[in-house]
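Now for the letters of each chain:
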Amino acid sequence: MTTEERVSQFRTQLLCGNPVYLWRYGPGRQVVDTNCPERDIFHEAFCAFGCYERAWQHLEGDAAPMMLGSPIGLEWAAVGGRLNGRLECLYVLGPILTTDISITGMRWALHNYEQFAHYPSWSQKLLRAVEQLSVIMRPLLVQYALMLHCCVTDETLRASDIYWQPAEKLGASPHPKPMRDRDIIYRGERALLRMVREGDLNYKWALNNSQTVSGGIPVTGTDPLRQAKTSVIVFTSLCVREAIAGGLAPDQAYRLGDQYIQSVEDCSSIEQIGAYSFTMYADFIERVHKCRTNPDVSRRIRACCDYIELHVEDDLSMETLAQQAGYSKYYLSRKFKEETGTTVTEYIKAARMERAKLLLAATELSIQEISEKLHFCSRSYFCTVFLQTAGCTPTEYREKGENI
């Protein structure tokens, strides 16, 4: 049996379990053959992260297989194919994920990796392809690499013989970063903050655009989690001040900002931090929008509305709300309906539906957990109310996200 026949048979066997794709590269980054359906994007990633050059350089001088990592958690294994002692081609296994890495964390890493920071469409395409990959334990990839090496060379090696090329640190760049255009960053930040001050609900385009301009506060250090927290805390503080300038009561704005800052400090992943950042920004804009579009609502009823929205996950009662407003329960009920056009109960329900949307989009909480968190008597009732309000089920909303 020839080398190519053995490799072909091995490639077929690889697809029996969790699929691991096999590539054959010639000199100059040329893909000779692969069974990977996402050929173009993963080929570009393999080369863009410098894996092709490192593998070729290593295997020119060393016959042992090579394990390669990347800043976003993708891993490959490379085996050299030789003809008359000279390196003729690379056989590459991958990419794979060895841990269940969050897409948000990968997006953060790509954004801080200078080579890709200004190509968001390419990054999004890569992340969509990554979502289809299986998570495979690294020792299994090592065994596959040893088996492939045996198919190609008839040589039996041990795991200790494999050369390891460690992944670069999350967010590291292979080249020094050029000076950032501070003027562009400043204008982008002012656009974001102006939207808070004006309560402009058409904010998503500006938020998405800002992510291609600045990666946040350029803190020196090796902890991307700390850097993410610092950036969001600073941004939250700025949003608090702009919300006050837009008409939000200072007491409410500062208490809301404090809550988000504490939530960010308690985060254990970049994914959670990103979710809180988006939620905080949207929350401030929507509150300012309500203030500017409902100027005739009295201070006490506005305070009652603010209390509901700040404590939407608490077990709200008419007694508590009446105490906050300084009214009797009966008078609060009548006054609230006169000024807002809706009952206290319906207002609470609407506020909880908005919070449910944020939790569905920004967290991995189950529908049952969200239902309980927002004090619905049952999951089925929660789903019924959500369908009536949003026009779709909670599951459909989570799957479609912001496209709804």
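Since we're looking at a predicted model, the values are computed, not measured.

Asker: Break down the overall build of the protein chain for me, citing the residues and quoting the values.
Answerer: Each helix and strand counted, the protein chain has 18 helices and 6 strands in total. Going through the 404 residues of the protein chain one by one, you find that 44% of them count as buried.

Asker: Lay out the sheet that holds strand β3 (residues 66-69) with the relevant residues and their values.
Answerer: Overall, mixed pairing links the 6 strands, which are arranged β2-β1-β5-β4-β3-β6 in an open sheet. The open sheet has two edge strands, β2 (31-34) and β6 (163-165), and neither has a second partner. Across the sheet, the axes of successive neighbouring strands diverge by a mean angle of 20°, strand direction being ignored. As paired strands, strand β1 (residues 22-25) and β2 are joined by 3 bridges and run antiparallel to one another. When the bridges of β2 are listed, Tyr25 appears paired with Val31.

Asker: Break down the packing of aromatic side chains for me, with residues and values.
Answerer: Applying the stated rule across the entire model yields 12 aromatic pairs. Ring centres 5.6 Å apart and planes at 55° place the aromatic pair Tyr25 and Tyr52 in the tilted group. Residue Tyr25 is found in strand β1, and its partner Tyr52 is found in helix α3 (residues 51-61); the two are separated by 27 residues along the sequence. Taken together through their ring pairs, the aromatic side chains of Trp23, Tyr25, Phe46, Tyr52, Trp56 and Trp76 make up a single cluster.

Asker: Could you give an account of the pairing of strand β4 (residues 74-83), with specific residues and numbers?
Answerer: The buried count for β4 comes to 8 of 10 residues, which makes it a mostly enclosed element. Note: β3 against β4, 4 bridges, orientation antiparallel. Bridging across to β4, Leu68 finds its partner in Trp76. Hairpin remark: β3 followed by β4, antiparallel, with 4 residues in the connecting loop; positive phi at Gly73, about 100°. When β4 meets strand β5 (residues 86-97), the two strands line up antiparallel, connected through 9 bridges. Each residue of the ladder has a partner; that of Leu83, found in β5, is Arg86.

Asker: Kindly report on the side chain of Arg6, identifying the contributing residues and their values.
Answerer: The topology assignment puts Arg6 in helix α1 (residues 3-14). Take Arg6: its relative accessible area is 18%, and that puts it in the buried class. In this structure, Arg6 is in contact with Met1, Cys151, Val152 and Asp154, ignoring residues within four places of it in sequence.

Asker: Give me unusual backbone geometry: which residues, what numbers.
Answerer: Between Gly94 and Pro95 the backbone carries a cis peptide bond, its omega angle lying at 0°. Positionally, Pro95 belongs in strand β5. The phi angle at Asp154 is positive, at roughly 65°, despite the residue not being glycine. Looking at the element boundaries, Asp154 is found in the loop between α6 (138-153) and β6.

Asker: Could you give an account of the pattern of salt bridges, naming the residues involved and the relevant values?
Answerer: The tally for this structure, following the rule as stated, stands at 15 salt bridges. A salt bridge links Lys329 to Glu319, with the nearest nitrogen and oxygen atoms 3.1 Å apart. Highlighted residues: Lys329 in helix α14 (residues 329-340) and Glu319 in helix α13 (residues 318-325), separated in sequence by 10 residues. Taking the relative accessible area as the measure of exposure, Glu319 reaches 46% and is therefore partly exposed. Within this structure, Glu313, Arg355 and Lys373 form a network of salt bridges that share partners.

Asker: Give a detailed account of empty space enclosed by the protein, specifying residues and quantitative values.
Answerer: On inspection of all chains with the given rule, the structure shows 1 cavity of 30 Å³ or more. As for the largest cavity, its lining consists of Pro19, Val20, Tyr21, Pro95, Ile96, Leu133, Ser134 and Ile136. Taken together, the residues that form the lining of the largest cavity break down as 7 nonpolar, 1 polar and no charged.

Asker: Talk me through the nonpolar core; I want residue IDs and the actual numbers.
Answerer: By size, the foremost hydrophobic cluster in this structure holds 34 residues, and its most contacted members are Phe42, Leu90 and Leu126. Residues within four places of Phe42 in sequence aside, it is in contact with Trp23, Cys36, Leu74, Pro95, Leu126, Ala129, Val130 and Leu133.

Asker: Talk me through the pairing of β3; I want residue IDs and the actual numbers.
Answerer: Side chains Met66 and Leu68 of β3 all project onto a buried face; the interleaved residues Met67 and Gly69 project onto the opposite face, where all are buried too. Relative to β6, β3 is paired through 3 bridges, and the arrangement is parallel. Along β6, the bridge assignment pairs Met66 with Tyr163.

Asker: Summarise the packing of α1 against α6; cite the residues concerned and give the values.
Answerer: The geometry of α1 relative to α6 is characterised by a closest axis approach of 8 Å and an angle of 155° between their N-to-C directions. With respect to α6, the element α1 is oriented roughly antiparallel. Across the interface between the two elements, Thr3, Arg6, Val7, Phe10 and Leu14 from α1 touch Tyr144, Met147, Leu148, Cys151 and Val152 from α6. Split into classes, the residues belonging to the contact of α1 with α6 amount to 8 nonpolar, 1 polar and 1 charged.

Asker: Please give an account of the confidence of the model for the protein chain that cites residues and values.
Answerer: Mean pLDDT for the protein chain: 81, with 81% of residues reaching 70 or above. Predicted confidence in the protein chain is weakest over helix α8 (residues 204-210), with a mean pLDDT of 52, and strongest over β1, with 95. Contacts of residues 168-181 to residues separated by more than four positions or lying in other chains number 27 contacts, the stretch itself having pLDDT below 50. For residues 211-221, every residue scores under 50 in pLDDT, and the model assigns this stretch 25 contacts once sequence neighbours within four places are set aside.

Cut-offs and rules
Residues numbered from 1 in each chain as written. Predicted model: local features only at pLDDT ≥ 70, side-chain atom pairs only at ≥ 80, totals over all residues. Heavy atoms only, no water. Helix = DSSP H or I, 4+ residues; strand = E, 2+ residues; numbered from the N terminus. Buried < 20%, exposed > 50% of the residue type's maximum accessible area, 1.4 Å probe, protein only. Pairing = 2+ DSSP bridges. Axes fitted to C-alpha atoms, helices over the stretch in contact; angles between N-to-C directions. Phe/Tyr/Trp six-rings, centres within 6.5 Å; stacked < 30°, edge-to-face > 60°. Contact = heavy atoms within 4.5 Å. Salt bridge = Lys/Arg side-chain N within 4 Å of Asp/Glu carboxyl O. 1 Å grid on protein atoms, 1.4 Å probe; cavity = no way out; pocket = protein on both sides within 12 Å on 5 of 7 lines; lining within 4 Å. Points joined across faces, edges and corners; volume = space filled by probe spheres on them. Nonpolar A, V, L, I, M, F, W, Y, C, P; charged D, E, K, R; others polar. Core = buried A, V, L, I, M, F, W, Y, C linked by side-chain atoms within 4.5 Å. Parallel < 35°, antiparallel > 145°, perpendicular 65-115°, else oblique. pLDDT = per-residue confidence, 0-100.

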